[in-house]
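So you can see what is in the structure, the chains are spelled out below.
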Amino acid sequence: EAQVTQNPRYLITVTGKKLTVTCSQNMNHEYMSWYRQDPGLGLRQIYYSMNVEVTDKGDVPEGYKVSRKEKRNFPLILESPSPNQTSLYFCASSFVGRTYNEQFFGPGTRLTVL
Amino acid sequence: SQQGEEDPQALSIQEGENATMNCSYKTSINNLQWYRQNSGRGLVHLILIRSNEREKHSGRLRVTLDTSKKSSSLLITASRAADTASYFCATDATSGNTPLVFGKGTRLSVIA
């Protein structure tokens, strides 16, 4: 089944404790992206990647890192989480041609930083 | 970045009525996409309309695009309670190496 998976789905952690949220897709998509969703603010892009070893900042990259060592995986790393990073996080992927195509979203990761 | 802006922010209708949501954007685009999100879940792609298209249909969905006004509308006909969700537009700008940008969404409630 074609899908985007995220782990964990729910996470409660404390300020400063490094964490990684994994994202994996099995559709051979070149493009992968991370978003955070907060009430009243919609989806805001954190980082995106057009292909392996190519990553770019989105609208809200501060406090986050990503890597794209393999085509299928795009982990989101919070080196020192803070309470303002409490949010619902989504990973998405798609093929890229001359334009952006249909995005496939993961189920989301609800993160709480205490 | 130039977000699409959905209007209205929230919409409440009776089952069987039509629901219309609008999206306005600021820059020239390659395409515009509409997505649906059930509460707390991942977004699901509904329809993509290219800049050279004016109207597109998919089942009970009808999307229009007016590039001169930089706006799009999503019409859901004969709505059902199961259509209750948030709906987002996403724009693919023509300028430079810019990512796909999502709006803040319209929350649709369909009352049975």
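Residues numbered from 1 in each chain as written. Chains lettered and ligands numbered in written order. Predicted model: local features only at pLDDT ≥ 70, side-chain atom pairs only at ≥ 80, totals over all residues. Heavy atoms only, no water.

**A few points about the side chain of serine 73 of chain B**
Residue and element names in this part refer to chain B. To be explicit about the condition: A helix here means a DSSP run of H or I that spans at least four residues, while a strand means a run of E at least two residues long, and both kinds are numbered starting from the N terminus. Buried, partly exposed and exposed residues are distinguished by accessible area as a fraction of the type maximum, computed with a 1.4 Å probe on protein chains only: under 20%, between the cut-offs, and over 50%, respectively. In what follows, residue pairs with any heavy atoms lying within 4.5 Å of each other are defined as contacts.
Among the secondary structure elements, serine 73 is positioned in strand β8 (residues 71-76). What makes serine 73 buried here is its relative accessible area of 16%. Sequence-distant contacts of serine 73, that is, excluding residues within four places in its chain, are made with Thr20, Met21, Asn22, Trp34, Arg62, Val63 and Thr64.

**Describing the state of the cysteines**
Simply put, the disulfide is a covalent bond whose two ends are the sulfur atoms of two cysteines. All names here are of chain A. Rules: By disulfide we mean two sulfur atoms from cysteines, separated by a distance within 2.5 Å.
Counted according to the given criterion, the structure contains two disulfides over all chains. Cysteine 23 shares a disulfide with cysteine 91; S-S distance 1.8 Å. Between cysteine 23 and cysteine 91 the sulfur-sulfur dihedral comes to about -70 degrees; the bridge is accordingly left-handed. Separated by 68 residues along the polypeptide, cysteine 23 in strand β3 (residues 19-25) and cysteine 91 in strand β9 (residues 87-94) bring together distant segments of the chain.

**Section: the interface of chain B and chain A**
Bring the parts together and some accessible area is lost; that lost area is often taken as the interface size. Quick note on the threshold: Two parts placed together each lose some accessible area under a 1.4 Å probe, and the buried area is that loss summed for both. What counts as a salt bridge is simple: a side-chain nitrogen of Lys or Arg found within 4 Å of a carboxyl oxygen of Asp or Glu. Only Asp, Glu, Lys and Arg are considered charged, only Ala, Val, Leu, Ile, Met, Phe, Trp, Tyr, Cys and Pro nonpolar, and every remaining residue, Gly among them, polar.
Facing 23 residues of chain B, the contacting portion of chain A comprises 23 residues. Summing the contributions of chain B and of chain A, the shared interface buries around 1700 Å²; its carbon and sulfur component is 51%. Connecting chain B to chain A are zero salt bridges. Mapped by element, the contributors of at least two residues to the side of chain B that touches chain A are β4 (29-37), β5 (44-50) and β9 (85-93) of chain B. By residue class, the composition of the side of chain B that touches chain A is seven nonpolar, twelve polar and four charged.

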